[in-house]
Amino acid sequence: MKLPDDGEQALRSAVIATALAMNARGINRGKSGNVSARLSGTDGDGFLVTPTGLAYEDTAPEDIVPVTLEGAARGSRLPSSEWRFHRDIYRARPDVRAVVHTHAPFATTLACHARGIPAFHYMVAVAGGRDIRCAPYATFGTQVLAHHGMIAVGASLTAALALAVEVETLAEIYWRALSIGVPATLPDAEMDVVVEKFRTYGQARRGEE
Ligand SMILES: [Zn+2]
């Protein structure tokens, strides 16, 4: 069996660190979320994903599961039961290199009402559009996401985790704002300006790294 190279080993550790950080930062509880990172190498493209049924505290680098874009897993563990939406995102979005999925309490509260987050605050644009949409529900283990939780994607694990924290913060503020009435939303033209600002800001930061 081919042993993982140093790059893959480091990525396995980073996936675990991100999963632990997700819980430490209060955007996930217990084993309910999952984290993945894109792999690209001589064996073809795929991703590393957290295993099913294992607490993050008890997860070692060798427990992280490599999965191909065709859905073939290797290693001693089974991938998260929600591996399919990770696979679908990597197939559809070549720019995405990491996916963080959580059952963040406020985002999930809104998702249980099949509510997205409208442009009630300019920071909504940080997620890349005029609003943050709620996808239709699908059975656990197939696709996602109303009555379920949140998915944040990014060019790195750090970026995806930061976005997940940001979206949960927005979900909490929106939930609080709704408690005293329905907040007005910003005009589309204004949101388009902010979306563009965030897009170019992100590029500048990547250039610095
Ligand atoms: Zn889930």
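The coordinates are above.
These lines cover the structure that appears in this document, whether it is placed above or below.

**Looking at the environment of H147**
For step 1, the next point in the chain: Position of H147 relative to the elements: it lies in the loop between α3 (105-112) and β5 (150-154).
For step 2, the next point in the chain: The exposure class of H147 is partly exposed, given its relative accessible area of 45%.
For step 3, the next point in the chain: Each C-alpha atom of the pair H147 and C134 lies 9.4 Å from the other, and the pair is 13 residues apart in sequence.
For step 4, the next point in the chain: Residues in contact with H147, not counting those within four places in the same chain, are A111, C112 and Y137.

**Examining the nonpolar core**
For soluble globular proteins, nonpolar side chains are generally found buried alongside one another.
For step 1, the next point in the chain: Residues V15, M22, I27, I117, V124 and L170 are the most contacted members of the largest nonpolar core, which totals 39 residues.
For step 2, the next point in the chain: Counting only elements with at least two residues in this core, the list comes to α1 (6-24), β1 (34-39), β4 (98-102), α3, β5, α4 (157-178) and α5 (188-208).
For step 3, the next point in the chain: Of the residues forming this core, the biggest block, 10 residues, is contributed by α4.
For step 4, the next point in the chain: Excluding its chain neighbours within four sequence positions, the residues that come into contact with L170 are I117, F120, H121, M123, V124, V126 and I132.

**Regarding the coordination of the zinc ion**
For step 1, the next point in the chain: Of the protein atoms, only E82 (OE), E82 (OE), H101 (NE2), H103 (NE2) and H148 (NE2) coordinate the zinc ion, at distances of 2.0 to 2.6 Å.
For step 2, the next point in the chain: Donor residues binding the zinc ion come from one chain and are separated in sequence as E-x18-H-x1-H-x44-H. Of this pair, H103 sits in the loop between β4 and α3 while H148 sits in the loop between α3 and β5; the two residues are 45 residues apart in sequence, bridging distant segments of the chain.
For step 3, the next point in the chain: Accessibility expressed as a relative area gives 8% for H148, which makes it buried.

**Here we look at the packing of α3 against α4**
For step 1, the next point in the chain: Two elements in contact, α3 and α4, have axes whose closest approach is 7 Å; the angle formed by their N-to-C orientations is 60°. Taken as axis vectors, α3 and α4 run oblique relative to one another. In this structure, α3 meets α4 at a crossing whose hand is left-handed. Along the contact surface, α3 presents P105, F106, A107, T109 and L110, while α4 presents E168, A171, E172, Y174, W175 and L178.
For step 2, the next point in the chain: When the residues that make up the contact of α3 with α4 are grouped by side-chain class, the tally is 8 nonpolar, 1 polar and 2 charged.

**Description of the pattern of salt bridges**
For step 1, the next point in the chain: For the structure shown, the criterion picks out 10 salt bridges.
For step 2, the next point in the chain: Here R77 ties to D63 by a salt bridge, and the two come within 3.0 Å at their closest N and O atoms. With a gap of 14 residues between them, R77 in the loop between β3 (65-68) and α2 (83-92) and D63 in the loop between β2 (46-49) and β3 connect regions that are remote in the sequence.
For step 3, the next point in the chain: Exposure remark for D63: the relative accessible area of 8% places this residue in the buried category.
For step 4, the next point in the chain: R133 is paired through a salt bridge with D131; the nearest N and O atoms lie 3.2 Å apart.
For step 5, the next point in the chain: Under the relative-accessibility criterion, R133 is labelled exposed at 71%.
For step 6, the next point in the chain: Residue D131 is classed as partly exposed on the basis of its relative accessible area, which comes to 31%.

Thresholds, definitions, all that
- Residues numbered from 1 in each chain as written.
- Predicted model: local features only at pLDDT ≥ 70, side-chain atom pairs only at ≥ 80, totals over all residues.
- Heavy atoms only, no water.
- Helix = DSSP H or I, 4+ residues; strand = E, 2+ residues; numbered from the N terminus.
- Buried < 20%, exposed > 50% of the residue type's maximum accessible area, 1.4 Å probe, protein only.
- Contact = heavy atoms within 4.5 Å.
- Core = buried A, V, L, I, M, F, W, Y, C linked by side-chain atoms within 4.5 Å.
- Donors = N, O, S within 2.8 Å, 3.2 Å for Na, K, Ca; no water.
- Axes fitted to C-alpha atoms, helices over the stretch in contact; angles between N-to-C directions.
- Parallel < 35°, antiparallel > 145°, perpendicular 65-115°, else oblique.
- Left-handed = near helix turned anticlockwise from the far one by under 90°.
- Nonpolar A, V, L, I, M, F, W, Y, C, P; charged D, E, K, R; others polar.
- Salt bridge = Lys/Arg side-chain N within 4 Å of Asp/Glu carboxyl O.

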